[in-house]
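Spelled out, the chains give:
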Amino acid sequence: MQQEEGKVQQPGDANDAPTMALSPASLTPTALLSPQSGEETCVACGDNPNGGEMGNFVYAIGRIEPRFPSHSVEKEFVQATGRAETAGLTDREALYKVLSERQNRYLVRQLGYVLTIEGLDTYILQPRNSADFDLLVEAIRTAPRSTDVDVVIGTRGSIAPAEMFNGLMLPLVTFDQIYSFDVDSFIESIPRSEKIPEDEFKAAAEEVFMRIMQMVDNSGATDEYRAVNYLALRYPQIYGTAAECHARECSLAGVEVRPSSLSGVRKILDVIFSYTDRKTDFTEKYFVRVDVSEEFPFLVTKMSPYFDR
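Moving on, we come to the nonpolar core. As a rule of thumb, soluble globular proteins bury nonpolar side chains together. By size, the foremost hydrophobic cluster in this structure holds 49 residues, and its most contacted members are F209, L231, L233, Y239, V271 and F273. With near-sequence residues (within four places) excluded, F273 lies in contact with L231, I238, L252, G254, V255, E284, K285, Y286, V288 and M303. In terms of nonpolar packing, the next biggest core, distinct from the first, is built from 28 residues, I64, L111, F133 and F175 among them.

Attention now goes to unusual backbone geometry. In most cases, non-glycine residues show a negative phi, while peptide bonds are predominantly trans. One non-glycine residue, E118, lies in positive phi territory at about 55°. Tracing the sequence through the fold places E118 in the loop between strand 3 (112–117) and strand 4 (120–127). When its relative accessible area of 51% is taken as the criterion, E118 is described as exposed. Positive phi values are uncommon outside glycine, yet E249 reaches one of about 65°. Since its relative accessible area comes to 36%, E249 is described here as partly exposed.

Two packed helices can be described by the angle between their axes and the distance between those axes. Contact pair helix 1 (residues 71–83) / helix 2 (residues 91–100): the axes reach a minimum separation of 10 Å and the direction vectors enclose 90°. Compared by their axis directions, helix 1 and helix 2 come out roughly perpendicular. Every residue of helix 2 that contacts helix 1 at F77, A80 and T81 is listed here: L95, V98 and L99. Counted by class, the contact of helix 1 with helix 2 contains five nonpolar, one polar and no charged residues.

Listed as buried for helix 8 (residues 237–247) are I238, Y239, G240, T241, A242, A243 and C245. Once helix 8 ends, the next one or two residues include E249, with phi positive near 65°.

Thresholds, definitions, all that
- Residues numbered from 1 in each chain as written.
- Predicted model: local features only at pLDDT ≥ 70, side-chain atom pairs only at ≥ 80, totals over all residues.
- Heavy atoms only, no water.
- Core = buried A, V, L, I, M, F, W, Y, C linked by side-chain atoms within 4.5 Å.
- Buried < 20%, exposed > 50% of the residue type's maximum accessible area, 1.4 Å probe, protein only.
- Contact = heavy atoms within 4.5 Å.
- Helix = DSSP H or I, 4+ residues; strand = E, 2+ residues; numbered from the N terminus.
- Axes fitted to C-alpha atoms, helices over the stretch in contact; angles between N-to-C directions.
- Parallel < 35°, antiparallel > 145°, perpendicular 65-115°, else oblique.
- Nonpolar A, V, L, I, M, F, W, Y, C, P; charged D, E, K, R; others polar.

Structure follows, in structure tokens:
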């Protein structure tokens, strides 16, 4: 296999990796990603059925929802709401107001927080540092929309015991970082080439981002999905390439993840994007390398043409 490669970025060489600002506060999705073969991971426990240890890192894209873990916590919240000034507020606005008040800090710690992915409850979230409860509160939208997105980076642990969360048994994720934004503001923040019309770029970027979000089984718990989710959030060139390919009448045909030839002590993956000409069926490929050895993935080589031998 012959490949054209960009400059190798060493760990800590962050200046070479473009990043996108995040605001605070037909092809089926199943066919979009082909994970590397040979290993399967139990999402709940992180075990590798083929033997050996697997990393338990999570880089997941979904939506954070507050939940009452018990009847008593729900009743305590109702009493706190009764003491607050909530005239004219919606239920979500009242929820945010009550949890934002200093005297109700204890309720923030008592509440449960679930990350849902494609409408399915996937993880129960816990902060590694108590100060990070603020990130969970800020993820509560006063006017939630279907385009709201939360990104959770952390470490997956064991399944929560039934008595911990009112019978909800999901993997616990201890998070180190949360990004909360909406898709429209995210797309607006992506830098684009002046050669590409703004409306065409936005359409291409939104399509690619939404397809990545809708990938079947993309819980952000495997190295393959962590690499793809990292690129979706932190590497704008994948959107520029998509817009350029659309301008040439090419469609995104698939995203494949393979172990990189650079892998050794570090765990490095090649993420390959395939685009097929709508008239000729000719497929051109581009790839980027991502290091997923640790909790925070990073770029190794920039987007380059990929050639199959």
